[in-house]
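A look at the structure
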Amino acid sequence: MRVELRNIHKYFGKNHANAGINLDIPSGTIQGILGENGAGKSTLMKILSGYFYADSGEIILDGKAITISSPSDAIKHGIGMLHQDPLDFPPMRLLDNFLLGREGGLFPDRKVVARDIQTLAAQFNFSLDPEAYVDTLTVGERQQLEILRLLWLGARVLILDEPTTGISASQKAKLFETLRTLAGQGKTIIFVSHKLEDVEVLCHKVAVLRSGQLIGESPVPFDHKKMVEMMFGKEISLGDRYPLNAGGKVLELKNLAVEDVRLHMEDIHLDLHGGEVIGLAGMEGSGQGPFIRACSGLLRPVNGRVQVNGHDLTGKSHHIFKRHGVSFLPASRMEEGLVPGLTLTEHFVLAEKTQGVFIDHAKGTKLAEERITSFNIRGTPVSTVESLSGGNQQRALLALLQTPLSLILLEHPTRGLDIESTIYIWSKLKERCKQGTSIIFVSSDLEEILQYSDRVMVFFSGKVTPPLDVATLTTEKLGQLIGGSGWNNLNSGKSL
Amino acid sequence: MNRHNLLKVMGLLMIFTMVLAACGTPTAAPTQAPEQTEAPAATEAATEAAVTEAPAEPFTFGILLVGAHNDQGWSQAHYDAGQYVEQNIPGSKMLYLENVYSGSPSYPGQTASQLAEQLVSQGAKMIIFNSDDMKDEALKFAQAHPDIYVLGPSMDWTWKDGKNYQESPNQIDIMGRMEYGKMMAGCAAALTTKTGQIGYLGPLINDETRRLASSAYLGAKYCWTNILGKNAADLKFKVTWIGFWFNIPGVTSDPSQVADDFFNSGYDVVLSGIDTTEALVEAKKMHDAGKDTFAVAYDSPGNCDVAPDVCLGVPYFNWGPSYVATIKSAMDGTWKEGFQWNAPDWADINNKDTSAVGFAKGQGLSADASANLDKFIAELAGGLNLWTGPISLQDGTVYIADGAVATDQEIWYLPQLLEGMEGQSVSQ
Amino acid sequence: MKKNVWVNIGFQAGALVLALLITTLILAAAGAPPLKAYGSILNGAFGSSNNIVAVLITWAPLLLTTVGVLITFSAGLWNIGVEGQMTLGAIFATWMLRMLQDTNLPPALIIILGILWGMVGGALWASLAGALKTFGGVNEIFGGLGLNFVSTALTIYLVFGPWKRPGVGSMSGTQPFNEALWLPTLGTGLSPWGLGLSILAVILVYLLLRGTYFGLRLKAVGKNMKASYLLGIPTWQYSMFAFLLCGALAGLAGAIQVESVYHRLLPNISNGYGFLGLLVAMLINYQAIWVIPIALFFAALNVGSVQLQIVYKMDSSFAGVLQDLLVLLVLLGQGVRERFLGKA
């Protein structure tokens, strides 16, 4: 099926997520979509698969303009989307999972459906038992299941969002083989990824998105360097750099191994000095999260040692880390960082040391007023945190930090913030550094990483570079590393 | 909706169901309602009239019913008696509250004496506490309200010769001599059973229930040996207690289950000792399934109507005459506190104006058995006293010496079941 | 701020009016002239000093269970097990009184020990639900429900078994305590001590939730467990504290019931006060300051609606229907307000 997108626009508030995108995908094509996080890839795909309405623009299938009002509407038109996170399945049988998506038929014939599944699975050499429970499947198997389900529902256009994250090499090979077969049958495949290699190996052509715009298209094979430039933009301005003010060792990681459901990282070594800033770069979900949590006592490492100011805190709880001057500010401000429903004053009172049993409300209000002024928060002491804008929430989070601190760990400290807030927040953080506090932060903004870090660690599906001196890095090199290429040129892969 | 909210909503729903369940009345639903009360509208109109324009010298009395007013058993017998009073004493009016017992979900946290206050605030001059469950509350209320008359069916507070005598000048305690009724019930069962096994569906365990179960046994044994000429040792008589006067799900044993267990283990006649009709209902179920099962009902004369075919009869209370007498005495100033234990009118035990206790035969009783039962009743009327020694208690101790006749106190305060009966004398 | 408060009150008032409207329809459908019926409810609740006393007697335990669940609600917990906790309070109090009633200890001391032991019992039972939640991952709703059933079973066992009245086997309850061990009462059974303790508990909980670090942390834990942990609050310990405090208050309610109202243990001693407390807490939107009037209103409804049965032969569950309706409509009103006017 031929898919044409005409002048698609989508706004989220002021954010122009898709700005006039035109794309033409002939039948039987495997189309790659590249772009950094927030480039607008997912938005575009969600518009195509019925999760969002476009604010304007047309979707044309086989020459006919259509409107798609919901995901189930999309599948009726033959468009099916595989999700980025296939882990979110309820604990039910494969068969029921199939039946769920189908309309009509109050009493479906389970036998027929089971036979359908098996026939389809055989076609692609998948071994799936219709009576097995979905939650017993691996990520790769779930993907296979999801592909079968969409085909069974009549999909002629398959959209896959980051499908190679978290699956094994052999599963990946099988996935690619399946996709090629489907394309051979005339189905249209849209493959969204940030992995240059995958796109290059699989796709017929590739489109690059950046800041909501279609930057360019290219046939495959392509020039990696050019691609990275297209993805991240050429001009990256390095502003004034703060001189590294190296103090004693604040954090030492020895032979650290960390894992979560999907990733396993090992042999991580790091000596972090007072006042130093380390940026963690990489596509989201490449292991920065588990790493930074292991540094703060929120995740127990599977191997190795974590030392803070010379104290071995391996396996200790976050509250012990906190006592040694480690603070963690999570990415999801409202989910993990702040308490919705409580006021700014209440937050500051909670973060301070307790004095007696009763709260001195006058003192709390005074404290809140001070912090509001010094952190330039637009709000009052009685504002609840959810009533603040994102930038002000982030400022409030920073304002909660105690003094003194040895180490501040931050996830995406400036995500979603305007330039002004970003600069303000970093000025506050750099003040801390001057006082000897070290910082480790996660960001998907390469400029931010290069701008503020002294050293950079790059994460790519379970692999970590050693801390690289920021002076040796360029946007291009960082972009390549993030995309998974150029790792062989590093001095060593992992043992540092 | 995320998971957290879902749980909240579930929790909320659960609380609502709990609260509603707690509010619902847990009485056994009457199987079919042979509603013989007058049109409720009439009573209501009367009530309203009383509130607005009081007629000359009305006498309002309130009854606290332990069960439902239409339970076809104990509480209905009292409710019917109240209507009998209304018919026989002009200007008298009944108020009532039902399902009044300790911990009743109908009145969360309210005690019987508080509920009595509510009746008083509607003008009641006499309160009838119709269950031993309200015994302490009745006395407490009587002593706190010397101006209100108190009637305590089945209680013994004002029995000078009783064990629990208390000074309470505005109180009369009343009981019918149901021992006779129970003897007739036992006799009917003995005359009917083919397996020689009689089950007794007992309520809770106390003096009264031991007395009545034992009387039934005495009647059964007498008819088994003297009329049928069989060996006493071949008669099995077993009592199983459910723990209260009626089924309270989750608290008492389920009487339907207890009755079923009797029928399924060779007992072909079950005597009901509880306020509600489960024994009859289960007997009918078994009967319809082809078993030869029967039941003897209790408390209220119409009780057999629930399942006429399997009903051997019903020993019942006829509270009307004693209520009328008591209320009249309160009205005309001849009130005399004390304890009344009223016998059947042996001239006609089913005379509803004179007899405190009666026995209505059921259709399940064979003509033969019926004739024999009549013979037994005639003997009782003629002075036969089955509470005559030798009578031994369940543990073998002699209770009434050979030839001696039990005193009222010995009968009223029976400490155990009798020798020959199976079942608990006290709860374990 | 100010405006929001008035909008809030407007919505509550609207819900109240709507609930009254619906109940009026129900009354009319049941054949009771609504105005007179409301009049008779009022009369039944406040018509005489005895009726007022009855209202106050039901008010006291309701206050306790309500402020108890306010604590757990603050910590984000649905402590449905409060019924069982009250029951255990009653059992423990009875236990202490039975143990000591034949000793030479002064009765006042025994009574106080009974109350304290009742609070311990309630707290212990609550800690079970808390432990199930914290260490076993069992949602407190299910854990609480299960423990409610167990507490009922335990009461029945005790009433029919070890603590039965001599010679009696009835669910009417255990042997009443010596009269010396009854909490002194005024008039027809109002215990000033029970009522005083309940009101004191309301004040303490109000202060706790409003003015203390403990209360603020509890609130933070209830609203965002993860953020609270990162802020340095020992989160599971605080959940546990909430359970313990609520259990102790429910236990106090149970102890007061056995020591001042029934003078013995009986099945269903908790009498739905726990669930009613949850309803009150929801109705007042977890604002401790409203506990006093709303709980009084619910208690008055319970007592006053007895009149409906006497006068109009209506089912006594009318009070429950009105209470449920109120809560439902108020929650609905909150939902509507949040949807159309944004969160307050």
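Residues numbered from 1 in each chain as written. Chains lettered and ligands numbered in written order. Predicted model: local features only at pLDDT ≥ 70, side-chain atom pairs only at ≥ 80, totals over all residues.

**Brief notes about the pairing of strand 14 (residues 303-308) of chain A**
Remark: a regular strand shows side chains that alternate across the two faces of the sheet. All names here are of chain A. What counts here: A pair of strands counts as paired when DSSP detects no fewer than two bridges linking them. In this description a helix means any DSSP run of H or I spanning at least four residues, a strand means any run of E spanning at least two, and both kinds are numbered starting from the N terminus.
With 5 bridges joining them, strand 11 (residues 249-259) and strand 14 adopt antiparallel strand pairing. The residue of strand 14 that forms the bridge with Leu253 is Val306. As judged from the 2 bridges shared by strand 14 and strand 15 (residues 311-312), these two strands associate in the antiparallel manner. What sits directly across from Val308, in strand 15, is His311. Remark: 2 residues form the turn of the hairpin made by strand 14 and strand 15, two consecutive strands paired antiparallel; Asn309 in that turn has positive phi of roughly 50°.

**Considering the interface of chain B and chain C**
Definition in use: Here, residues touch in the contact sense if the C-beta positions derived from the backbone fall within 7 Å of one another. Here the term charged refers only to Asp, Glu, Lys and Arg, the term nonpolar to Ala, Val, Leu, Ile, Met, Phe, Trp, Tyr, Cys and Pro, and the term polar to all other amino acids, Gly among them.
Each side of the interface is counted separately: chain B has 52 residues, and chain C has 53 residues. When residues of the side of chain B that touches chain C are traced back to their parent elements, those giving at least two are helix 1 (3-23), helix 2 (40-52), strand 2 (92-97), helix 4 (112-121) and helix 5 (135-144) of chain B. Classifying every residue of the side of chain B that touches chain C gives 27 nonpolar, 20 polar and 5 charged.

**Examining the sheet that holds strand 7 (residues 157-161) of chain A**
Residue and element names in this part refer to chain A. Here is the rule: Each axis is a line fitted through C-alpha atoms, and for a helix only the stretch in contact is used; angles between axes span 0 to 180 degrees, taken between their N-to-C directions.
Strand order in this open sheet of 6 strands is 6-7-8-3-9-10, and the pairing throughout is mixed. The outermost strands of the open sheet, each flanked by one partner alone, are strand 6 (79-82) and strand 10 (213-219). Neighbour-to-neighbour, the strand axes of the sheet open up by a mean angle of 20°, direction not taken into account. Pairing of strand 7 with strand 8 (residues 188-192), which is carried by 5 bridges, proceeds in the parallel orientation. Note on strand 8: the bridge partner recorded for Leu158 is Ile189.

**Structural notes on the domain arrangement of chain A**
Residue and element names in this part refer to chain A. Short version of the rule: As used throughout, domain bounds are those supplied by an automatic or database domain assignment.
The domain architecture assigned to chain A consists of domain 1 (3-232), domain 2 (249-325 + 403-489) and domain 3 (345-401). Spacing between the C-alpha centres of domain 1 and domain 2 amounts to 33 Å. Secondary-structure elements contributing two or more residues to the side of domain 1 that touches domain 2 are helix 7 (196-202) and helix 8 (224-232). A per-class count over the side of domain 1 that touches domain 2 returns 4 nonpolar, 5 polar and 5 charged.

**Focus: the domain arrangement of chain C**
Residues and elements named next belong to chain C. By domain assignment, chain C separates into domain 1 (1-30 + 315-344) and domain 2 (49-313). Each of domain 1 and domain 2 has a C-alpha centre, and these two points are 27 Å apart. Contacts between the two partners involve 9 residues from domain 1, matched on the other side by 10 residues from domain 2. Its residues assigned to classes, the side of domain 1 that touches domain 2 comprises 7 nonpolar, 2 polar and no charged.

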